Each structure stands twice: as structure tokens, then as C-alpha cells.
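The lines below spell out each chain.
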Amino acid sequence: MKNLSCLLGLLFCLTSSYGQERIVNVDFESSSFTNSPTIPFDQPFIIQGKIYKEVEFVEVLIFNENASRSAFDYTWNRDKRNDSEIFEIVVPGTLVSSSKYDFQVKTYTEMSPIQKEMLKESLRERIVYYLRNNISYSGNRVEVSQPKHVHRDICELVNDALEYYRSKNAIDQPVISNLVVEELERYADFKFRNFLKKKQISEQDSIADEMITERVNSLANLVMSEIEPYINSDLVQLHRKIDIQSVGTDKDIFTLPVNAGMYAWSKSVDINNTSVSNIDFTPGLGITLPFSNRSSLFSRARLFDSFGYSMGVLIEPVTDANGNEYITPGIGLPVYAGLGFRIFKVVRFNVGALVLAEQGIQDFSGLSLLPTAGLSLELNVWMGIKK
């Protein structure tokens, strides 16, 4: 009874430890993970770090090593009832084994109403300055730069100005609408010359300048009306940023995907000068050599994954309408090779070709390729070594 209790206790401990997520601690002073030379790839883990109470928001970006764009983004958003000095972000098991990643950790502090107003004023001044340099009076007419180019540049200006800010309300950074383009096109079509020709020449410059100033301010107000809801939210500004380079993931045990399924083929034969096709399905066994895949798109895939090269044999010869059997010389069974992908982690779809010759041919002079497509169940077999 005592031994049984000990066994159950040990089993419980093992189960509990397996269910616990590994914690990786961030050291902001050394820009490193302090307690883990590697990170998990096949199970969730926690990124944890000490922060000031003023920090309201933490963002963790994960890049493939030396990549310029992040593959995964995760955030921690302090609740008003939470006054701790530790943040925790759970990273799901989406990383690739035996790979290296770069991490970027950013902390943000809350903005005061005064800081928000200063941000609005600064941004509006930059928009007015830009518009004022793209709407001008030449002496004969008022010239407006290409509206679509102006709209593109204003979008870039706004994105750059708000790069170091985030909304705790999960409001996306504003996207300036095409109303700016429509307004600029309307200004370009306005008959300034007809309006100004009734004025004295000495008055035309000042009147044109006043009109341009009025329209620039109107456009700036339009742009700001699309930005202000974002700024008026619970906005936070960048407090600190660290980069942690070349963090490796755990090594995976080496497995070889083995699959078994059905392969479709169509074998044509001439009967009385008429081509007759014999469409059939034959069971097949094979292995897959997965392509090395580090892209974030495939790492996030839920339906399709594990693209690779497959090869194997059909367990029966291919038989045409005349009853002639075809195999791969030297093997005694039809050999196939193809490319494919896995569906729902366990089913592989392949498209390829069978290497065939009529049974009885001993050399390779009569070889031909026959297209085939297969659907098979795939399981990983452990080879007992680590990658």
C-alpha cells in the first residue's frame, strides 16, 4: 500500500511538472534571458520580467533570426486592479525546433492629458507644414500637388509620428481615409483665376494666401479628426526597449514521417486503335522528407503544414485494361515520388509520378512516368536521436 502511494505521488508530481509552463526571465539591464539558454518550441512558455509600477503596457516581438519583420507579436496590458511589478506574457508553442529567434521587449507608460494635447499640437503643426508646401500660388493660379501622393505622404507622416505609442483599448493606429484625396482634387478643380481676376493685382497675392491657409487648416482638421479618437484613448508611450539576439529553441528528437494511404492513377492502352484508360486506386506505403521551414506564415498555419518530398511504393502492380502489370524494375513494385503537404497534422496529400515498366522487363529502357495523386495517414516515427 505504501509503495502504491509513493508511485501515485510520483506520478502526480510528474504530471504537475509537465503541465507547468516554463518561465523565461527578462533582464532589462543585460538585455538577456537570465535563466534559460534555450526556449521551448512545442509547448507554451512564459516570458516574465520586473517592471516599474508606472509601466502600463508591455510588447514582445519575436523575429526569425536577423529578420526585419516580426513573426509573432504578444502584449501584456496592466489591469487597473493590478499593482504588481512583474509582467507575464504566455507564448504559445508556435516556434520551430533547433532554430534561433531575435526578441524585442518594449515597455510603455501612460500619457497624461497634457502630453496628449502636446502630441496633437505637434502632429497638427507637421501636417499643416507639409500641406502648406504642397499647395501654392504661382501668381497665375493656385497649384495643388498630386493628391494621391500627398495622401500617401500624410499617411507615412502620421505612422512615423505615432510609432512609439500604443492604445490600451486595443484601438488600431489610425488610417487616413481617401477624403483627403477628394478634398485636394476639389481644391485643384477650383477656379482660382476666375475668383481672383475680379480683385486688384495688389490684392490677389494676399487673398490667395488667405484662401490657401484656410484650405490647409480645413484639411489639417479633417486629418486630425481621424487621428484624435486614437490619441484620446488610453494611450501609452514607449518607455524602454531592449533587443535579445539569437535565442535558440530546444532541439527536437529526430522523427521520420511514415505514411500509408491510397494512390490514384490512370493507365491508358490502345485496344483496336482506341485509347482506353483504366482509372484505379492502389494502397501505398512511404516516407516524407519535410522541407526546412522557418517562415511565420507556415508556423501559424492550422490547416496546412509540413510541405515536403515523399517517396514510397505501391503494394500492388499497376494493371492496364488488357491485364498487363507494371512495376519498377529491380524493386518488384511500383515506386512513386512526389511533393505534398500535410492537412490537420495527420493526413498528407501528395502529387507526383510512378516510375513504371511492364513486368518482365529487366533493364530500364522501357521506363515511363505515370502521374499519381495520393491521400495518406502520416505518423512520425522516433529515430532515437536528436537533431
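## Points about the packing of aromatic side chains
One pass over the full model with this rule turns up 8 aromatic pairs. Note on phenylalanine 33 and phenylalanine 103: the rings are 5.1 Å apart at their centroids and 80 degrees apart in plane angle, and the pair reads as edge-to-face. With phenylalanine 33 in strand β2 (residues 32-33) and phenylalanine 103 in strand β8 (residues 100-110), the pair connects residues that are 70 residues apart, well separated along the chain. Here phenylalanine 33 matches phenylalanine 103 in class, with each residue buried. One aromatic cluster is present, formed by Phe28, Trp76 and Phe87 through successive ring pairs. Here lysine 267 stacks its cationic end above the ring of tyrosine 326, 4.2 Å away from the centre of that ring.

## What to know about unusual backbone geometry
With a phi close to 55 degrees, serine 31 is a non-glycine residue in the positive phi region. Checked against the element boundaries, serine 31 lands in the loop between β1 (22-27) and β2. Even without being a glycine, serine 98 presents a positive backbone phi close to 55 degrees. Within the secondary structure, serine 98 sits in the loop between β7 (86-91) and β8. Classification of serine 98 by relative accessible area gives partly exposed; the value is 33%.

## Regarding the nonpolar core
If you look at the biggest cluster of nonpolar residues, it comprises 29 residues, and the most contacted ones within it are Ile127, Leu131, Ile154, Ile176 and Ile227. Listing elements by their share of this core, those giving two or more residues are α2 (113-132), α3 (147-161), α4 (179-189) and α6 (201-231). For this core, the element with the most residues is α6, which contributes 9 residues. If we skip the residues at most four places from it in the chain, isoleucine 154 touches Tyr130, Leu131, Ile176, Val180 and Val223. Formed by 28 residues, the second largest nonpolar core is a distinct cluster that contains Phe28, Val60, Tyr74 and Val247.

## Quick notes on the sheet that holds β2
Read from one edge of the open sheet, 4 strands run β2-β1-β4-β7, paired in mixed fashion. Only two strands of the sheet have a single partner each, and these edge strands are β2 and β7.

## Quick word on the pattern of salt bridges
Any two side chains of opposite charge can pair, given that their charged atoms come close. One pass over the structure, following the stated rule, counts 8 salt bridges. Here glutamate 59 and arginine 166 are joined by a salt bridge, their closest N and O atoms 3.3 Å apart. Of this pair, glutamate 59 sits in strand β5 (residues 55-64) while arginine 166 sits in strand β11 (residues 165-167), and the two are 107 residues apart along the sequence. Residue classification places glutamate 59 among the buried positions, given a relative accessible area of 8%. Given a relative accessible area of 18%, arginine 166 falls into the buried group. A salt bridge links arginine 81 to aspartate 79, with the nearest nitrogen and oxygen atoms 2.8 Å apart. If you follow the salt bridges from partner to partner, you end up with Arg342, Arg348 and Glu378 in one network.

## Comments concerning the confidence of the model for the chain
Looking at the chain as a whole, the pLDDT averages 83, with 80% of positions reaching at least 70. Between the elements of the chain, mean pLDDT differs from a low of 42, seen in helix α1 (residues 2-19), to a high of 97, seen in β5. Low pLDDT (under 50) marks residues 1-19, which in the prediction has 1 contact with non-local residues, meaning those over four places away or in another chain. Across residues 294-300, where pLDDT falls below 50, the model places 16 contacts with residues more than four positions away in sequence or in other chains.

## Here we look at the side chain of lysine 168
Within the fold, lysine 168 resides in the loop between β11 and α4. Setting aside residues up to four positions removed in sequence, lysine 168 forms contacts with Glu56, Phe57, Asn77, Arg78, Asp234 and Val236.

Criteria and cut-off values
Residues numbered from 1 in each chain as written. Predicted model: local features only at pLDDT ≥ 70, side-chain atom pairs only at ≥ 80, totals over all residues. Heavy atoms only, no water. Phe/Tyr/Trp six-rings, centres within 6.5 Å; stacked < 30°, edge-to-face > 60°. Helix = DSSP H or I, 4+ residues; strand = E, 2+ residues; numbered from the N terminus. Buried < 20%, exposed > 50% of the residue type's maximum accessible area, 1.4 Å probe, protein only. Lys NZ or Arg CZ within 6 Å of the ring centre and 35° of its normal. Core = buried A, V, L, I, M, F, W, Y, C linked by side-chain atoms within 4.5 Å. Contact = heavy atoms within 4.5 Å. Pairing = 2+ DSSP bridges. Salt bridge = Lys/Arg side-chain N within 4 Å of Asp/Glu carboxyl O. pLDDT = per-residue confidence, 0-100.

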